[in-house]
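Structure at a glance
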Amino acid sequence: MARSKKISASSPMSDARSFLKSRELQLKTHALIPGGAHTYAKGDDQYPESSPVLIARGKGCHVWDVDGNDFIEYGMGLRSVTLGHAFEPVVEAAYRQMQHGTNFTRPAEIEIAAAEAMLETISGTDMVKFAKNGSDVTTAAVKLARAYTGRDLIAICGDQPFFSTDDWFIGTTEMNAGIPRAVIDMTLKFRYNDLQSLRELFEQHHGQIACVLMEPETATAPAPGYLEAVKDLCEAQGAILVFDEMITGFRWHLGGAQKFHNVLPHLSTFGKAMGNGFAVAALVGKREIMRLGGIDHDQNRVFLLSTTHGAETHALAAAIETLRTYRDREVVEFLWAQGERLSTGINQVVARRGLVGKLQLLGRPCNLVYRTNDAAGKPSQALRTLFLQELIRGGVLAPSFVVSFSHSDEDIDRTIEVVDCALSVYARALEDGVQRYLTGRPVKPVNRKFN
Ligand SMILES: Cc1ncc(COP(=O)(O)O)c(C=O)c1O
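From a predicted model like this one, the values you see are computed outputs, not experimental measurements. (Residues numbered from 1 in each chain as written. Predicted model: local features only at pLDDT ≥ 70, side-chain atom pairs only at ≥ 80, totals over all residues. Heavy atoms only, no water.)

This part takes up empty space enclosed by the protein. For the structure on display, the rule yields 1 cavity of 30 Å³ or more. The calculated volume of the largest cavity comes to roughly 40 Å³. Every residue lining the largest cavity is listed: Ser123, Gly124, Thr125, Gln258, Leu264, Pro265, His266, Leu267, Ser268, Val284, Gly285 and Lys286. Listed by contribution, the elements that provide at least two residues to the lining of the largest cavity are β9 (267-270) and β10 (281-285). Looking at the lining of the largest cavity, its residues break down into 4 nonpolar, 7 polar and 1 charged. (1 Å grid on protein atoms, 1.4 Å probe; cavity = no way out; pocket = protein on both sides within 12 Å on 5 of 7 lines; lining within 4 Å. Points joined across faces, edges and corners; volume = space filled by probe spheres on them. Helix = DSSP H or I, 4+ residues; strand = E, 2+ residues; numbered from the N terminus. Nonpolar A, V, L, I, M, F, W, Y, C, P; charged D, E, K, R; others polar.)

Quick look at the structure:
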């Protein structure tokens, strides 16, 4: 029998920030939208109770919630907004384009310009197909690899958190209700930086693995020679190497982490930062593989990314302008520099408060994430909740510390001050127990079996 849980509005906040309107609308969002959000990572269970529930508008790296509270935001739009909210050149390019129509019965002229812009940016690629979501393009890469190799199994990196909303990936998580066992069994997992674990998969499933799909890097950097060895192994085994560059793309390097590490995969997928928040994603790769999605070969046809909105003209205009801005204004260099400023400042505060090993910054400066550990050094959801709660109290909304082109020195320095205050409470919570300082229930991981 289905389990039913009551969603309650958050309990009142005790400080100056009021979330009255947010709380009023919170129940309505849950009544109208399963989960109260269209992305689980934005959901109420990911944030403390004393949080803004609904954002009314954003400009640069600042957002204002429905109660009028102002926050400096990090990891904006799930890392899609790299330049800043309402970044004028991109908004104007999209607006100009939509005035000429957004979708026609035949392809739009702008599809050529967008394809050229993308293929020039990601070196060594010959063809591209656009879509609206990252999940669609990683799924397309899997299908294309299966069609090209005539094999069914796929190997994904089991240490990396997310590749797609589709069954071949979600089936491998805790939240796999509704996904047939047969689909789940076709996805195998290997460990990052552990070539032997991938070798064993190839040995156990000889001639059956269509592709190896992974992010080239997450919070852990590849060991020297690891990515090269993965590519060599794929080629020796007749499998396709797919890099998911949804997060690394246009951050590690304008040409992606593949360029940063100088290891070019056979196929790769991009999204998120491609359009500064507009819905656009891309599958790119070698002609020999990509052409199977075309109408000019005599092999079995592959249904490759044929969607109504895939080439929506204003999203492509946004992507072209976003890529141009990255190139002309040295955005990637700026992201690294601001991330460095932020991590240096936070690490100083952490050391001064005696919290080394408790609040840990992880990853490259262009993509900083953090871990909240308890006194024994173990990850703690309760302490994550407390840290988020105290950051929000100080006007910082930071599920990560992923910066954008709009994070000025002033924003970064203000954030460090707020982190300092938050850590004073964190330090006390380690002494007295975290429950004493939490204003509500703790956050939960997204991928879990039950609510
Ligand atoms: C590494 C990675 N791949 C794929 C996806 C899926 O992208 P989308 O949410 O646009 O479908 C995500 C989303 O968070 C991601 O982080």
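Still more to cover.
Here we come to the site of the ligand. Taken together, the residues surrounding the ligand are Asn133, Gly134, Ser135, Phe162, Phe163, Glu215, Asp244, Met246, Ile247 and Lys272. Measuring from an oxygen atom of the ligand, one finds a backbone N or O atom of Gly134 at 2.7 Å. In the model, a nitrogen atom of the ligand is placed 3.4 Å from a nitrogen or oxygen of the Phe162 main chain. Computed on the free molecule, the ligand has an accessible area of 390 Å², of which 80% lies beneath the protein chains in the complex. Its residues assigned to classes, the shell around the ligand comprises 4 nonpolar, 3 polar and 3 charged. (Near = heavy atom within 4 Å. Polar contact = N/O pair within 3.5 Å; in protein donor to acceptor, adjacent residues only side chain to side chain. Areas by Shrake-Rupley, 256 points an atom, 1.4 Å probe, with all protein chains shown as cover.)

To continue, consider unusual backbone geometry. Positive phi values are uncommon outside glycine, yet Phe250 reaches one of about 65°. The topology assignment puts Phe250 in the loop between β8 (240-244) and α10 (256-260).

This next bit is on the sheet that holds strand β13 (residues 396-397). What the 4 strands build is an open sheet, ordered β1-β2-β3-β13; its pairing is mixed. Unpaired on one side and paired on the other, β1 (55-59) and β13 mark the two borders of the sheet. Judged from the 4 bridges that link them, β1 and strand β2 (residues 62-65) form a sheet pairing that is antiparallel. Its bridge partner lying in β2, Ile55 is registered against Asp65. (Pairing = 2+ DSSP bridges.)

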